[in-house]
Amino acid sequence: MRAMGMTYDVGFVRDGANSIPHLDLELVRRELAIIRDDLHCTAVQIVGGDPERLEAVARIATGLGLEVWFTPYPLDLAPDQIEALFLECARRAARVQGQVVFVAGVELSIMNRGFIDGDRLEQRLEHLFGDAQRIAEAQDRLGRFFRTVVPAIREVFGGRVTYSAIQFEGVDWSLFDFVTFELIRSAEVAHLFRGAVRTLVAQPKPVAITGFGTATWRGAGDVAPRSMAILQDGPPLRLDGVYERDEAGQAAYLDELLEIFDSEGVDSAFVHLFALHNLPHRPDGDPRDDLDLASLGIVKVLENGTGNTYPGLPWEPKAAFAAVAARYA
């Protein structure tokens, strides 16, 4: 692969609240250096909902020599709000020196309002699947949105532009420079997965894969698109049962997918993801409180204190960290 990537979360914004209340840019700098030097990544996808944070972290990453995929990730916004966010982010991305790709959102049709009926994700999914007419309507609305927004982005951002799509969205890829999919393997499609990647790569434009990963409980890889569904809404946020930790399974899953992407000619791949700070590792106490089991992060975030592998940093690598490092090396 040309770009061996990692996804890096700088905080998702929903209803005005940021999932990472305070972002320490010195911590960010240390983590991005580790992503470059120890994970052997050549690119980083920076995702979040705060334009200022996205720009600040992108500047750090390009300063370290990493290619940046600058990815505003709106949640539960209306199309006009999404457009405003994208244009602000595109102007900020244009100011970043270095190799920058602008990603015009992720899974917009289900993660936001205005493409499928419903104010929240759960409502939108209920309306969508199994109804061909609603899928066609969502494709039409998303297509009209991009035909307006992508030219506006290109007026202020001169680099390459793409979008992280779900397969059913029917994106018109002539508008974009990369064909980019959230492509996650589950047991149901495992026998078709390599062939599907090969088919994607056969079309003329370079292919990027984002959003692939799985949680850290035994069996998560079989249901990888839904492997975070073991979280039970709080407060307090807990797991819905007792699960067995399986770091080796998470590591094997990522290694297998990276091998497929590399051998089949994918241009760029971004493991999802480095860390989820709102799902800490709690090895002591009630096993339902060990939220890291539901995390797709390749490091386990420590609720209190710092780790041993990287002194001063609030996490420890999982087995997946070593697997990704070995594959990229």
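Each remark here, short or long, concerns the structure printed above.
Note that this is a predicted model, so its numbers are computed, not measured.

Another aspect to go through is the overall build of the protein. Secondary structure assignment for the protein yields 9 helices and 14 strands. Relative to the globule expectation of 20 Å for 329 residues, the C-alpha radius of gyration of the protein, 19 Å, shows essentially globular dimensions. Across its three principal directions, the C-alpha atoms of the protein cover 50 × 45 × 40 Å. Taking all 329 residues of the protein together, the buried fraction comes to 53%. Long-range contacts, defined here as pairs at least 24 residues apart, represent 70% of the contacts in the protein between residues at least 6 apart. With the model as given, the accessible surface of the protein reaches about 13,700 Å², and the carbon-plus-sulfur share is 51%. Of the charged side chains in the protein, 32 are positive and 48 negative; the average position of the first set lies 3 Å away from that of the second.

Now for helix α3 (residues 79-94). Along its 16 residues, α3 runs 22 Å from first to last C-alpha, staying within 8% of the 22 Å computed at 1.5 Å per residue. Looking only at α3, the buried set comprises I82, L85, F86, L87, C89, A90, R92 and A93. Tucked inside the fold, the buried residues of α3 contact α2 (51-63), β5 (67-72), β6 (100-106), α4 (108-111) and α6 (132-156).

This paragraph deals with the pairing of strand β4 (residues 43-48). A large share of β4 lies buried, amounting to 6 of its 6 residues. As judged from the 5 bridges shared by strand β1 (residues 3-9) and β4, these two strands associate in the parallel manner. Looking across to β4, one finds that G5 is bridged to A43. With 6 bridges connecting them, β4 and β5 associate as parallel partners. Bridge pairing in β5 links V44 to V68. This β-α-β element, β4 to α2 to β5, shows right-handed connectivity.

The final tally for this structure, using the stated rule, is 31 salt bridges. For R120, the salt bridge is made with D76, and the minimal N-O distance between the two is 2.4 Å. Note that R120 is positioned in the loop between α4 and α5 (121-128) and D76 in the loop between β5 and α3, a separation of 44 residues in sequence. Note on R120: relative accessible area 33%, which makes it partly exposed. For D76, a relative accessible area of 5% gives the class buried.

With that settled, the discussion passes to the packing of aromatic side chains. Scanning the entire structure with this criterion turns up 21 aromatic pairs. Consider the rings of W217 and Y243, whose centres lie 5.2 Å apart with planes at 55 degrees: the pair is tilted. Placement of W217 in the loop between β9 (207-212) and β10 (231-232) and of Y243 in the loop between β11 (238-239) and α8 (247-263) is noted, with a sequence separation of 26 residues between them. Residue W217 is classed as buried on the basis of its relative accessible area of 12%.

A few words now on the environment of L128. You can see L128 is positioned in helix α5. Among the residues examined, L128 registers a relative accessible area of 0% and is labelled buried. Along the chain, L128 and I116 lie 12 residues apart, while their C-alpha atoms are 7.0 Å from each other. Setting aside chain neighbours within four positions, we find L128 in contact with I110, I116, R134, I135 and F168.

Moving on, we get to the packing of helix α7 (residues 190-202) against α8. As a packed pair, α7 and α8 sit with axes 9 Å apart at the nearest point and diverge in direction by 35 degrees. Where α7 crosses over α8, the two elements pack in a sense that is right-handed. Note on element contacts: α8 touches α7 through L257, E259, I260, F261 and S263, opposite F193, R194 and V197. Tallied by class, the residues present in the contact of α7 with α8 amount to 5 nonpolar, 1 polar and 2 charged.

Taken as a whole, helix α9 (residues 319-328) has its buried residues at A320, F321, A323, V324, A325 and Y328. Against the buried residues of α9 lie β1, α1 (25-37), α8, β12 (268-271), β13 (299-301) and β14 (315-317).

Moving on to the environment of M228. Its location among the elements puts M228 in the loop between β9 and β10. Note: C-alpha distance between M228 and A84 (144 residues apart in sequence) is 30 Å.

What counts and what doesn't
- Residues numbered from 1 in each chain as written.
- Predicted model: local features only at pLDDT ≥ 70, side-chain atom pairs only at ≥ 80, totals over all residues.
- Heavy atoms only, no water.
- Helix = DSSP H or I, 4+ residues; strand = E, 2+ residues; numbered from the N terminus.
- Rg over C-alpha atoms; globule rule 2.2 N^0.38 Å.
- Buried < 20%, exposed > 50% of the residue type's maximum accessible area, 1.4 Å probe, protein only.
- Contact = heavy atoms within 4.5 Å.
- Areas by Shrake-Rupley, 256 points an atom, 1.4 Å probe, with all protein chains shown as cover.
- Lys, Arg positive; Asp, Glu negative; His and termini not counted.
- Charge placed at Lys NZ, Arg CZ, Asp CG, Glu CD.
- Expected span 1.5 Å × (residues − 1).
- Pairing = 2+ DSSP bridges.
- Right-handed = clockwise from strand over helix to strand, strands pointing away.
- Salt bridge = Lys/Arg side-chain N within 4 Å of Asp/Glu carboxyl O.
- Phe/Tyr/Trp six-rings, centres within 6.5 Å; stacked < 30°, edge-to-face > 60°.
- Axes fitted to C-alpha atoms, helices over the stretch in contact; angles between N-to-C directions.
- Left-handed = near helix turned anticlockwise from the far one by under 90°.
- Nonpolar A, V, L, I, M, F, W, Y, C, P; charged D, E, K, R; others polar.

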